[in-house]
Amino acid sequence: ETGVTQTPRHLVMGMTNKKSLKCEQHLGHNAMYWYKQSAKKPLELMFVYSLEERVENNSVPSRFSPECPNSSHLFLHLHTLQPEDSALYLCASSQAGGGQPQHFGDGTRLSIL
Amino acid sequence: QKEVEQNSGPLSVPEGAIASLNCTYSDRGSQSFFWYRQYSGKSPELIMFIYSNGDKEDGRFTAQLNKASQYVSLLIRDSQPSDSATYLCAVNVGLSNDYKLSFGAGTTVTVRA
């Protein structure tokens, strides 16, 4: 496997379900990111982990809970989501430090019923 | 004021022509600038990054940066139908917030065969 891999690619869940998104990077990077992309809106940064420490939390509702067990893996735990949370969730990775290029996974298309 | 602004398009160019995309940003402290290409239903793909004033060329792509005027542009020479995509401008928001990239809403480019 190369690059940034996200699973699942598609997820449909009810508002009361609990699910997790997974991201794995094989680029030797040490910073990882979660973004949300909704139709016709810019990419929104949700969380940043650098060297396995969370360094950014952009006022994201608590129904989204990130986890970074090591520099290669990142999870986004989901519970009690709302219909407006339906979007493309993208994981990215980079070298830690200012201004490094970020490389994206293919994303998880999430639909909330 | 939005942190990063792009014309949404669509920008329609004939095959073989030059496509010119512009991006302005609001944070004078920004140091790193990126262009991503996103095909419909796919994730963003990094195509160029630039850190210094002036031009940077990579194949058919040229990025131009003018920090005094706070704009960055992307030129696509000899445009091909495969260049039809949405192009996202991303800007590192200042040295004090190294990890944050702010994205524009994207410019949709259509290359007519």
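As the structure is a computational prediction, the values presented were derived from the model and not from experiment. (Residues numbered from 1 in each chain as written. Chains lettered and ligands numbered in written order. Predicted model: local features only at pLDDT ≥ 70, side-chain atom pairs only at ≥ 80, totals over all residues. Heavy atoms only, no water.)

## What to know about the sheet that holds strand 3 (residues 18-25) of chain A
All names here are of chain A. Our working rule: Only strands joined by at least two bridges in the DSSP assignment are considered to pair. Starting at the N terminus, helices and strands are each numbered in turn, a helix being any DSSP run of H or I of at least four residues and a strand any DSSP run of E of at least two. Here an angle of 0 to 180 degrees is reported between the N-to-C directions of two axes, which are lines fitted to C-alpha atoms, with helices fitted over the stretch in contact.
The antiparallel open sheet is built from four strands, whose spatial order is 1-3-8-7. With one partner strand each, in any of the chains shown, strand 1 (4-7) and strand 7 (64-70) form the two edges of the open sheet. Neighbour to neighbour, the strand axes of the sheet diverge by 20° on average, direction disregarded. Alignment of strand 1 against strand 3, held across four bridges, turns out to be antiparallel. By the bridge assignment for strand 3, T5 is matched with E24.

## Some thoughts on the environment of D27 of chain B
Residues and elements named next belong to chain B. Rules: The rule is simple: take the accessible area with a 1.4 Å probe, protein chains only, and divide by the maximum for that residue type; under 20% is buried, over 50% is exposed, in between is partly exposed. By the criterion applied in these results, polar contacts are pairs of N or O atoms within 3.5 Å in which, for protein atoms, one can donate a hydrogen and the other can accept it, and in which residues neighboring in sequence qualify only through two side-chain atoms.
With respect to the element layout, D27 can be found in the loop between strand 3 (19-25) and strand 4 (33-38). With relative accessibility at 26%, the residue D27 sits in the partly exposed group. Expressed as a C-alpha distance, the spacing of D27 and K67, which sit 40 residues apart in the sequence, is 10.0 Å. Of note is the side chain of D27, whose polar atom sits 2.8 Å from the backbone nitrogen of G29.

## Regarding the packing of aromatic side chains
The cut-off we apply is this: Aromatic pairing here means that ring centres of Phe, Tyr or Trp (its six-membered ring) are within 6.5 Å. Orientation follows from the plane angle: under 30 degrees is stacked, over 60 is edge-to-face, and everything else is tilted. Only Lys NZ and Arg CZ are tested; either one counts as a charge over a ring when it is within 6 Å of the ring centre and within 35 degrees of the ring normal.
Evaluated as defined, the whole model comprises 11 aromatic pairs over all chains. Ring centres of Y35 of chain A and F104 of chain A lie 5.4 Å apart, and the angle between their planes is 50°; this geometry places the pair in the tilted category. Taken together, the positions of Y35 of chain A in strand 4 (residues 31-37) and F104 of chain A in strand 10 (residues 103-104) put the pair 69 residues apart, joining distant regions of the chain. Relative accessible area serves as the criterion here: at 0%, Y35 of chain A is assigned to the buried category. Here the aromatic rings of F104 of chain A and Y36 of chain B are separated by 5.4 Å at their centres, their planes lie at 85°, and the arrangement is edge-to-face. On the criterion of chain membership, the pair formed by F104 of chain A in strand 10 and Y36 of chain B in strand 4 is interchain, its members lying in two chains. Judged on exposure class, the residue F104 of chain A and its partner Y36 of chain B are both buried. Grouped by ring-pair contacts, the aromatic residues Y33, Y35 and F104 of chain A together with Y36 and F103 of chain B constitute a single cluster. Its guanidinium or amino end placed over the ring of F61 of chain B, R60 of chain B lies 5.7 Å from that ring's centre, counting from NZ or CZ.

## A short note on the state of the cysteines
The condition is simple: Cysteine sulfur atoms that come within 2.5 Å of each other are treated as a disulfide pair.
In the structure shown here, the tally under the stated rule is two disulfides over all chains. Disulfide pairing places C23 of chain A opposite C91 of chain A at an S-S distance of 1.9 Å. Taking the torsion about the sulfur-sulfur bond, which here is approximately -75°, the covalent link between C23 of chain A and C91 of chain A counts as left-handed. With C23 of chain A in strand 3 and C91 of chain A in strand 9 (residues 87-94), the pair connects residues that are 68 residues apart, well separated along the chain. For C23 of chain A, a relative accessible area of 0% gives the class buried. When its relative accessible area of 0% is taken as the criterion, C91 of chain A is described as buried. Here C23 of chain B is linked by a disulfide to C89 of chain B, with a sulfur-sulfur distance of 2.0 Å. Across the S-S bond of C23 of chain B and C89 of chain B the torsion is about -75°, and the bridge reads as left-handed. With C23 of chain B in strand 3 and C89 of chain B in strand 9 (residues 85-92), this pair connects stretches of sequence that are 66 residues apart.

## Brief notes about the pattern of salt bridges
Residues and elements named next belong to chain B. The test is simple: Any carboxyl oxygen of Asp or Glu that lies within 4 Å of a side-chain nitrogen of Lys or Arg is treated as forming a salt bridge with it.
Evaluation of the coordinates by the stated rule reveals six salt bridges over all chains. A salt bridge links E45 to R37; the shortest N-O distance between them is 3.0 Å. The salt bridge partner of E57 is R77, with a shortest N-O separation of 3.4 Å. Linking E57 in strand 6 (residues 54-58) with R77 in the loop between strand 8 (71-76) and strand 9, this pair joins segments that are 20 residues apart in sequence.

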